[in-house]
Amino acid sequence: MKYQTIDQFLENLKSRNPGEIEFHQAVYEVVDSIWDFLKDNTHYLHSNILERITEPERVLMFRVPWRNDNGDVEINRGYRVEFNSAIGPYKGGLRFHPSVNLSILKFLGFEQIFKNSLTTLPLGGGKGGSNFDPKGKSDNEVMSFCQSFMTELSRHIGSDTDVPAGDIGVGGREIGYMFGQYKRIRNEFTGVLTGKALNWGGSLIRPEATGYGCVYFAEEMLKNNNDSLDGKKVIISGSGNVAQYAAEKVIELGGKVLSFSDSSGTIYDPEGINKEKLAFVMNLKNIQRGRIKEYSDKYNCEYYENSRPWHIKCDIALPCATQNEINEKDAKTLIKNGCICVSEGANMPSDADAINLFLSNKILFGPGKAANAGGVAVSGLEMSQNKMFLNWSRNEVDTKLQNIMKNIHGQCVEYGTNKKFTNYVKGANIAGFIKVADSMLDQGVV
Ligand code: NDP
């Protein structure tokens, strides 16, 4: 057995991947929560599964040259991390954001392996993107970039190999430009990307899936505690795809949404964000591509510049913006203010200290890999529909999504419950790990 302790393993991981702090953080969270399980099931340690599962099968990095509207040449860096294909083709989003680097994409790809395993669908784990910033760019510039990005990526992906989707900075517009370029280069119409528009192979409920799924997961956690969302005060961070549809579902289930944010600040509306105000946010963010501050100007409510929403008193918090947006201090404030449930729409929004505080205070804490798995799950359903050349109705897809979220909740309860308290982090990590690790062992040393 190569590693006797977690520390030995993590030291080796850090020396193999120097400076990749987000990746170290994501691996630490998983290994820490499954270590006791591994010690009871030493065959995984004997076959060195930890080192194998933390080493991506393939990492692609490439130059993305394109021309801006002034005719100048710009250069970005493109990535695709094909992390693990033990249970299906690589699957995971593309992120376009100036902060993107290899560490962030490896953390996201690693999380994706376990998330995809939890969905019960045959999906491997991958992630990709670029340090390109779509903010402030014209449609023409975004198209030039997407076409150049896909010109290289198209050599490496395919509907049975690797099927990317959207993430931060990649929505319907970007997926459209990339799909068009893939089709042009490969001369094939296949489900090579998910998050497509309905007219050309998309699935109903895909745009809603991550946000809805995150709220379904919160509702399951509450139900398990004889409670519900009805009448609860909910704060949400972010105002993009996940945040918008999380808000829509909270409103539908009788909760009161109090906040949205973006990278410039937070709005707080004590009266509650109703359907009409949400429609304003959707138009502002998706069509006008404006800033959330404009909400406070229109509805005359508080705006906190450069601030996140965690100081606002609530029953439930849904972090739906980005990684490491809740630290220990934020977690303390949330708990002090009476928050009983945190369901992560974003990936790794809570840091390790915050998670420890939530767990030790017996907060219902749904980690991203479980709570936000609805997005990739409906991407999987989009792939099924593409393969079968048919479309399911809105109701059919939504029912399947609800069942998948229930199933994920059930797996977390099965593997994470001790003395009536469910540690969803542990439950999600062990359940996600077993399926992938067993598949890797079945397939030999590859
Ligand atoms: P969007 O690009 O649609 O929205 C992202 C939102 O988060 C925007 O409001 C953005 O503000 C804000 N944000 C981004 N980066 C930061 C930052 N560094 N600090 C503060 N705010 C920030 O992305 P999505 O809604 O798709 O993704 C949100 C999260 O959900 C991500 O963690 C993503 O990985 C995760 N996720 C998404 C899935 C999906 O299906 N889309 C699936 C599963 C997880 P601004 O406009 O100012 O940048």
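Residues numbered from 1 in each chain as written. Predicted model: local features only at pLDDT ≥ 70, side-chain atom pairs only at ≥ 80, totals over all residues. Heavy atoms only, no water.

Points about the sheet that holds strand β12 (residues 341-343)
Then, in step 1: Across the sheet, which stays open at both edges, the five strands sit in the order β7-β6-β11-β12-β13 with parallel pairing between neighbours. Of all strands in the sheet, those with a lone pairing partner are β7 (256-257) and β13 (364-366), marking the two edges.
Then, in step 2: Direction of pairing for strand β6 (residues 233-237) relative to strand β11 (residues 316-319): parallel, over a ladder of four bridges. For Ser237, the partnering residue across the bridge sits in β11 and is Pro319.
Then, in step 3: The strands that helix α9 (residues 241-252) touches are β6, β7 and β11; relative to β6, the one it contacts most, it runs at about 170°. (Pairing = 2+ DSSP bridges. Helix = DSSP H or I, 4+ residues; strand = E, 2+ residues; numbered from the N terminus. Contact = heavy atoms within 4.5 Å. Axes fitted to C-alpha atoms, helices over the stretch in contact; angles between N-to-C directions.)

Let's talk about the packing of helix α1 (residues 6-16) against helix α2 (residues 21-40)
Then, in step 1: Closest axis-to-axis distance for the α1/α2 pair is 11 Å, and the angle between their directions is 160°. In terms of orientation, α1 lies roughly antiparallel with respect to α2. Handedness of the α1/α2 crossing: right-handed. In contact with Ile6, Phe9, Leu10, Leu13 and Lys14 of α1, α2 contributes Phe23, His24, Val27, Tyr28, Val31, Asp32 and Trp35.
Then, in step 2: When its residues are assigned to classes, the contact of α1 with α2 shows nine nonpolar, one polar and two charged. (Parallel < 35°, antiparallel > 145°, perpendicular 65-115°, else oblique. Left-handed = near helix turned anticlockwise from the far one by under 90°. Nonpolar A, V, L, I, M, F, W, Y, C, P; charged D, E, K, R; others polar.)

Looking at the packing of aromatic side chains
Then, in step 1: Under the counting rule described, the total for this entry stands at 25 aromatic pairs.
Then, in step 2: Ring geometry for Phe132 versus Phe145: centroids 3.9 Å apart, planes at 5°, classification stacked. Separated by 13 residues along the polypeptide, Phe132 in the loop between β4 (125-130) and α6 (139-153) and Phe145 in helix α6 bring together distant segments of the chain. Of the two residues, Phe132 and Phe145, both sit in the buried class.
Then, in step 3: Ring geometry for Tyr212 and Tyr245: centres 6.2 Å apart, planes at 75°, overall edge-to-face. Residue Tyr212 is found in helix α8 (residues 206-224), and its partner Tyr245 is found in helix α9; the two are separated by 33 residues along the sequence. (Phe/Tyr/Trp six-rings, centres within 6.5 Å; stacked < 30°, edge-to-face > 60°. Buried < 20%, exposed > 50% of the residue type's maximum accessible area, 1.4 Å probe, protein only.)

Looking at the pattern of salt bridges
Then, in step 1: According to the stated counting rule, one finds 22 salt bridges in the structure shown.
Then, in step 2: The shortest N-O distance in the salt bridge between Asp162 and Arg80 comes to 2.7 Å. Residue Asp162 is found in strand β5 (residues 162-165), and its partner Arg80 is found in strand β2 (residues 73-84); the two are separated by 82 residues along the sequence.
Then, in step 3: Of the charged contacts in the structure, one is a salt bridge between Glu382 and Lys196, with a shortest N-O distance of 2.8 Å. Here the residue Glu382 occupies a position in helix α15 (residues 374-388), and Lys196 occupies one in the loop between α7 (172-186) and α8, the gap between them amounting to 186 residues.
Then, in step 4: For Lys196, a relative accessible area of 6% corresponds to the buried category.
Then, in step 5: Taken together, the shared-partner salt bridges connect Glu29, Glu111 and Lys369 into one network. (Salt bridge = Lys/Arg side-chain N within 4 Å of Asp/Glu carboxyl O.)

Some words on the sheet that holds strand β8 (residues 259-262)
Backbone hydrogen bonds are what pair the strands of a sheet, in a parallel or an antiparallel way.
Then, in step 1: Read from one edge of the open sheet, three strands run β8-β9-β10, paired in antiparallel fashion. Each edge of the open sheet carries a strand with a single partner, namely β8 and β10 (302-305). Across the sheet, the mean angle from the axis of one strand to that of its neighbour is 15°, orientation sign disregarded.
Then, in step 2: Judged from the four bridges that link them, β8 and strand β9 (residues 265-268) form a sheet pairing that is antiparallel.

A short note on α7
Then, in step 1: When the terminal C-alpha atoms of α7 are compared, their 21 Å separation across 15 residues agrees well with the 21 Å that a helix rising 1.5 Å per residue should span.
Then, in step 2: In this structure, the buried side of α7 is in contact with β3 (90-96), α6 and β5.
Then, in step 3: Asn187, located one to two residues past α7, shows a positive phi value of around 55°. (Expected span 1.5 Å × (residues − 1).)

Observations concerning the pairing of strand β1 (residues 58-67)
Looking along a regular strand, one sees the side chains alternate between the two faces of the sheet.
Then, in step 1: Relative to β2, β1 runs antiparallel, the two being bridged by ten bridges. Opposite Val59, over in β2, you have Val81 as the bridge partner.
Then, in step 2: Counted between consecutive antiparallel strands, the loop separating β1 from β2 contains five residues, among which Gly71 sits at a positive phi close to 90°.

Some points on unusual backbone geometry
Then, in step 1: Although it is not a glycine, Asn187 sits at a positive phi angle of roughly 55°.
Then, in step 2: Topologically, Asn187 is positioned in the loop between α7 and α8.
Then, in step 3: The backbone of Asn306 shows a phi angle near 50°, a positive value even though the residue is not glycine.
Then, in step 4: Positionally, Asn306 belongs in the loop between β10 and β11.
Then, in step 5: Its relative accessible area of 65% is what places Asn306 among the exposed residues.

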